[in-house]
Amino acid sequence: MLVSQGADAAMAGVLGLLVGSFLNVVIYRLPKMLERQWAAECADLTGSKAPEGEEVTLMKPRSRCRNCGHPIRWYENIPVASYVVLRGKCSQCGTPIGMRYPVVELATGALFAFCGWHWGFNEHGAVWCLFSAAILALALIDWDTTVLPDDITYPLLWAGLAAAAMQWTPLPLTQAVWGAVAGYLSLWLVYHAFRLLTGKHGMGYGDFKLFAALGAWFGLQALVPIILMASVIGAVIGIAMKFTSGLREGGYVPFGPFLALGGLTAMVFGPASILSAIGL
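Residues numbered from 1 in each chain as written. Predicted model: local features only at pLDDT ≥ 70, side-chain atom pairs only at ≥ 80, totals over all residues. Heavy atoms only, no water.

1. Some remarks on the layout of surface pockets
Empty space within the largest pocket amounts to approximately 890 Å³. Taken together, 34 residues make up the lining of the largest pocket; nearest its centre are Ser 63, Arg 64, Arg 66, Ile 72 and Tyr 101. Residue assignment for the lining of the largest pocket shows that the elements contributing at least two residues are helix H1 (2–46), helix H2 (81–85) and helix H3 (100–119). Of the residues assigned to the lining of the largest pocket, the class counts are 16 nonpolar, ten polar and eight charged. By volume, the second largest pocket amounts to about 650 Å³. Along the wall of the second largest pocket there are 30 residues; nearest its centre are Met 203, Gly 204, Asp 207, Pro 254 and Phe 255. For the lining of the second largest pocket, the elements supplying multiple residues, two or more each, are H1, helix H5 (150–165), helix H7 (205–218) and helix H8 (223–243). The greatest single-element share of the lining of the second largest pocket, amounting to six residues, is contributed by H8. In terms of residue class, the lining of the second largest pocket is built from 15 nonpolar, nine polar and six charged. (1 Å grid on protein atoms, 1.4 Å probe; cavity = no way out; pocket = protein on both sides within 12 Å on 5 of 7 lines; lining within 4 Å. Points joined across faces, edges and corners; volume = space filled by probe spheres on them. Helix = DSSP H or I, 4+ residues; strand = E, 2+ residues; numbered from the N terminus. Nonpolar A, V, L, I, M, F, W, Y, C, P; charged D, E, K, R; others polar.)

Put into structure tokens, the structure is as follows:
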């Protein structure tokens, strides 16, 4: 049994390293693709000039050094290993490569390995690997840009409902549907109540959609533990950033990354464990 679990975890972990390498592309390029799309739509509505410059997709152009433009060869793009061999620098100009790249690859590999160990290298493990990859990408995109792209939140929501319908998650479809409904409406109500009381926007609509997606994956009963965990993590990190002068202009921190961490915590430990950990 343990040997089989170990083999499943190892296979899933290797797959996760490869997916993590692709996630780095998604995290960096998807916001740029959306910005270009929005600029093109604005130009079309106003009759102004369309945005210029090289069009960026998830596949094109080929990955390259941001400093010297050196194309990244296949053997320079092996997850984690290439970073170690290159000592974290571009092979052409020596510009440092950000630590985020190997960290994202390792984090994805670790999450996939957990899914393989816990659910097996099968359809059940696969859907939770999909969940992990989407959540990780959303967390980092929102941290960088304060945007939670519909291109990921909506598929994540529908994937949760589909997985429940296929019985690939332990959640009945009815509970998944009501979890999604309650997840969206709860933050929608909080948002509008805060706006009416203060005249300010406390969060974005992407947070509603992400919480709806988490409801589809974990159900109605998990929403309170997840939002509590997200709030605790967000408060701790926000206070730490304030004391270290790390807050952005305006003094805000996006909430999406903490919702994502709450979701990953629920996946690994279970919603009930979250309540127990915070004394409820």
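Picking up after the structure, the text goes on.
2. Details of the packing of aromatic side chains
In total, this model carries 13 aromatic pairs according to the counting rule given. Arranged with centres 5.6 Å apart and planes meeting at 90°, the rings of Trp 74 and Tyr 75 form a pair that is edge-to-face. Among the residues examined, Trp 74 registers a relative accessible area of 68% and is labelled exposed. Among the residues examined, Tyr 75 registers a relative accessible area of 43% and is labelled partly exposed. Judged by centre distance (5.5 Å) and plane angle (65°), the rings of Tyr 191 and Phe 208 are edge-to-face. Of this pair, Tyr 191 sits in helix H6 (residues 173–198) while Phe 208 sits in helix H7, and the two are 17 residues apart along the sequence. According to the relative accessible area criterion, Tyr 191 is buried, its value standing at 7%. Ring pairing ties together the aromatic residues Phe 114, Trp 119, Trp 128, Phe 131, Trp 217 and Phe 218, which thus form one cluster. (Phe/Tyr/Trp six-rings, centres within 6.5 Å; stacked < 30°, edge-to-face > 60°. Buried < 20%, exposed > 50% of the residue type's maximum accessible area, 1.4 Å probe, protein only.)

Scope: geometric values only; no functional claims are made or implied.
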